[in-house]
Amino acid sequence: MIEEIFYILAIPSWEPTKVSPFQGFAPGLFHVAPYLVGVPAFPSDISELAMDPADRLARRRAGQGAWHWSPMTIENLLDHGRPTPDRPFMVVITGEPEIARRVATWRRGLRVRPLHLSGHKIGGAIRPHQLTVERLQQHCRTALRQAKEANRRLDIAERLSIIDAWRPWEMKPSGLHHHSHNVTLPNEMVLRSVGLITEREDGKLEVSPEQDYVDGITESASAVFSLHQQANDRPVYLLNPPRPDLILLAPSMHVEVGELIGRAKLPKLSMRAFRALERQRGYTIQFPLQDKQSINEIGPIFGLRGGELRITTYAVGVRAASTAAATVRLPGRINRSAGVIGQLARFLRHHENPPPIKASRVFRAVQNALAETFPREHMDLLRQSNSGIKIIGEAPLEWLPLDDLPLGIARDVSRIGTTPGNLLIEQLRHVPPIYIPADDFKKYLVVSMFEDGDGIAHHVRRALEVLPDAAEAKLTGISAAPKSTDEFVAVVNAYSGPILIVDSHGTHTDNPDVGGLNIGGKVVDVWGLAGKMRPPPIVILSACDTHPFDRSHATVANGFLRCGATAVLGTVLPIRSRDAAIFLVRLMLRAISFGNAMNANGRSAAWTNIVGGALRMQLASDIVRSLGAQGLIPEDRVAEIHLEANHDINPPNERTDWLPRLKERCIEAGGLNQDQWTTAYTGILAGSDVIRYVNIGNPEAILISDERVLKRAMQEAQM
């Protein structure tokens, strides 16, 4: 019997084109999303409240205690969503009268009935203020007995005793204040989920300077970080490493929304309101209103955008509470760096091997623009992160400078886009751990889709087949060369392994602003394959521009997420085929050899760390080999310095200061001064392919693990 409590948001069906205009949410979400704020006050399953409080927290950090919630259209709920004797625990939430009535009628005919929570007076439903832990406990007992009546063979005694043993959190004041505009709400939801209540001070920040917002966010995020001390070094982390402990939230709008609004020919005042949204730099918008007519005209615009931001915040809050992650809400200006990003993209697309000095200057301009928009106080929160960072937004925060490294290299980082909103909701829902033995990565699938005579068609395939390290690892993957979309889908659907490598030409034009893969000489929109193609958990896109920062959300990488992939390694710029092939082999060998080494030591390895470590090792290699090629360090010291850097990057050392240590060795070996190092390093970094990769989706849920890890975790738990 499944012990999870499913929280279902019942919404009306909608046409794919009939979504909210700025971010792309289903209309029905606006009515039910506010109920998500209260979900973390209740248990995620029937066992949680029978556990020791510190164990509950550790389980969440390990990705084991997340809330199972999902929007579901009323038709899907009525046809496929009913509770069963094997899955009896369900809360159905309704926000619209007609949906509430249909749920009430459906519920009356079920043998195992869900708890119906509604803001409307409907027979059989309870109102939000009536839902308490005790009321939910009573419902779970009733659901168990109904399950027993529906299936007499069920033994419910043990589960009834678990429910009877619930010990709710002892509610205490957190010492923090609630702030307006929801800037601290995700952190408040985390604190509320462990029994800490924030004081109500609605409107406290309404007319405050921005520094007050920054201080409130910093204070609440620090309070979440302090929780982690209660659940350090637990046996569960051997099998399930802690999920990312910091979320960077930067909500955004569709990049093409301005064009759509322009075509709509809105009144002049409405256009001013929209332009104010587009140009927002802080946490609020100051828009003077002169009369009631002005309010009536622009109110719906601000109200609609405000509703989208609330949906985003509520959903992120449940995600944060599920893993006890701190959330930093970033100001609107973080999304205002499109000009310098476009300049960098055009420059690197024009130069296959860019001049180092100019490349470093252009890349530094992007980094400076990001650093100027990122509150200084939050840099310390980045440094406090131990288990990874999740970006939720569209801004290229992987390039944010953190102690001389881009954030995406300095830490294990993954991202989820905030557009389209419906895909955001899918990606924010809980992803249970996916365990993959290291040797399974030897059974890869690589699909090569080049036209006859293309000079780069063989690079990835040969790298996997003939490099000495690859031969020693005995990679036995499958290679295919589909010539049409149907062949591509058939090859992918026939594969049962963990990793798909797509070796092709990628493109993402600005007109139309849609990404595609070249298959059989035609550009194919991967979004259109949703419902047809079933990709494996991991997809690696060895192709150019599969998730560019200067284009729309309709990227190739997002298309694979939409088709069902858990993690997609995409590219934000063009990549060079030979460099990409070498990096791919490094990545595969790290998954196999490093994964096996970690498993032999009784620990799982998260895919985020596989990718993050491979990027760091690639950059270290680029630095040392380039300095050697330029004659700045002796050639006979290159291998030694490179090996020492790899030792710093990987366990058991795994030092965050690996770059300063590499810098010291290079300066000592070559007799360099600081200016020589800085000039060389910044040029190498800007020209390296490591800044061109981005880890998308939920790669932290994919764990390289086998029975050795499970055995050790069980032994440690019994000690």
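Note: the structure precedes this text.
Just so it is clear, the model here is predicted, and its values are computed rather than measured.

A.B. asks: Requested: an account of the packing of aromatic side chains, with residues and values cited.
C.D. replies: Within this structure, the stated rule accounts for seven aromatic pairs. Between F363 and W399, the ring centres sit 5.8 Å apart and the planes meet at 80°, which makes this aromatic pair edge-to-face. With F363 in helix α14 (residues 356-373) and W399 in the loop between β10 (389-393) and β11 (401-402), the pair connects residues that are 36 residues apart, well separated along the chain. Take F363 and W399: they sit in the same class, and that class is buried. Three or more aromatic residues joined by ring pairs make a cluster, and in this case those are F363, W399 and F549. Above the ring of W169, the side-chain terminus of R56 is found at 4.6 Å from the ring centroid. The residue whose ring lies beneath R590 is F594, and the NZ or CZ to ring-centre distance is 4.1 Å.

A.B. asks: Now, about the nonpolar core: what can you tell me, with residues and values included?
C.D. replies: Core analysis: the largest hydrophobic core is formed by 194 residues, its most contacted members being L136, L248, L382, W399, F560, W607 and L662. Broken down by element, this core gets its largest block of residues, eleven residues, from helix α23 (residues 607-629). L136 has contacts with I5, Y7, F42, P43, V91, L115, L131 and W166, leaving out every residue within four places of it along the chain. Residues F22, V257, A273 and I301 belong to the second largest nonpolar core, which totals twelve residues.

A.B. asks: Residue-level account of unusual backbone geometry, with values.
C.D. replies: In this structure, the amide linkage connecting T419 to the following residue, P420, adopts the cis form with an omega of -10°. The omega angle of the peptide bond from P651 to P652 is 5°, so this bond is cis rather than trans. Examined against the element boundaries, P652 turns out to sit in the loop between α24 (635-649) and α25 (658-670). Unusually for a residue other than glycine, D233 sits at a positive phi of about 50°. Here D233 is to be found in the loop between α8 (210-227) and α9 (236-239). Residues other than glycine seldom take positive phi values, yet D403 does so here, at roughly 55°.

A.B. asks: Give a detailed account of the packing of α24 against α25, specifying residues and quantitative values.
C.D. replies: For any two helices packed against each other, the geometry is given by the interaxial angle and the distance between the axes. Two numbers describe how α24 lies on α25: the axes approach to 9 Å, and their chain directions differ by 165°. Classed by the angle they form, the pair α24 and α25 counts as roughly antiparallel. In this structure, α24 crosses over α25, and the sense of that crossing is right-handed. Between α24 and α25, the contacting residues are R637, I641, E644, A645, D648 and I649 on the first element and W658, R661, L662, R665, C666, E668 and A669 on the second. The residue inventory of the contact of α24 with α25, partitioned by class, reads seven nonpolar, no polar and six charged.

A.B. asks: Hey, could you go over empty space enclosed by the protein for me, with residue numbers and the actual values?
C.D. replies: One simple way to see leftover space: roll a probe sized like a water molecule over the atoms. In the structure shown here, the tally under the stated rule is seven cavities of 30 Å³ or more. The volume enclosed by the largest cavity comes to roughly 140 Å³. In terms of lining residues, the largest cavity is bounded by 16 residues, among which E398, G408, L615, Y693 and V694 are the most central. Elements that contribute at least two residues to the lining of the largest cavity include exactly α16 (407-410), α23 and β24 (693-697).

A.B. asks: An account of the pattern of salt bridges is needed here, citing residue identities and associated values.
C.D. replies: In this structure the tally under the stated criterion is 33 salt bridges. A salt bridge links R551 to D550, with the nearest nitrogen and oxygen atoms 3.2 Å apart. According to the relative accessible area criterion, D550 is partly exposed, its value standing at 23%. The partner of R576 in a salt bridge is D579, and the shortest N-O contact between them spans 3.4 Å. A residue is classified by how much of its surface remains accessible, and R576, at 10% relative accessible area, is buried. Each of R349, D545, D550 and R551 takes part in salt bridges that share partners, so that together they form one network.

A.B. asks: Tell me what's going on with the packing of helix α7 (residues 185-192) against α8, and back it up with residues and numbers.
C.D. replies: Taken N-terminus to C-terminus, the directions of α7 and α8 make an angle of 30°; their axes are 9 Å apart at the nearest point. Classified by the interaxial angle, the pair formed by α7 and α8 is roughly parallel. Classified by chirality, the crossing of α8 by α7 is left-handed. Residues N187, V190 and L191 of α7 touch α8, and the partners they reach there are I217, S220, A221, A223, V224 and L227. Taken together, the residues of the contact of α7 with α8 sort by class into seven nonpolar, two polar and no charged.

Conventions adopted
- Residues numbered from 1 in each chain as written.
- Predicted model: local features only at pLDDT ≥ 70, side-chain atom pairs only at ≥ 80, totals over all residues.
- Heavy atoms only, no water.
- Phe/Tyr/Trp six-rings, centres within 6.5 Å; stacked < 30°, edge-to-face > 60°.
- Helix = DSSP H or I, 4+ residues; strand = E, 2+ residues; numbered from the N terminus.
- Buried < 20%, exposed > 50% of the residue type's maximum accessible area, 1.4 Å probe, protein only.
- Lys NZ or Arg CZ within 6 Å of the ring centre and 35° of its normal.
- Core = buried A, V, L, I, M, F, W, Y, C linked by side-chain atoms within 4.5 Å.
- Contact = heavy atoms within 4.5 Å.
- Axes fitted to C-alpha atoms, helices over the stretch in contact; angles between N-to-C directions.
- Parallel < 35°, antiparallel > 145°, perpendicular 65-115°, else oblique.
- Left-handed = near helix turned anticlockwise from the far one by under 90°.
- Nonpolar A, V, L, I, M, F, W, Y, C, P; charged D, E, K, R; others polar.
- 1 Å grid on protein atoms, 1.4 Å probe; cavity = no way out; pocket = protein on both sides within 12 Å on 5 of 7 lines; lining within 4 Å.
- Points joined across faces, edges and corners; volume = space filled by probe spheres on them.
- Salt bridge = Lys/Arg side-chain N within 4 Å of Asp/Glu carboxyl O.

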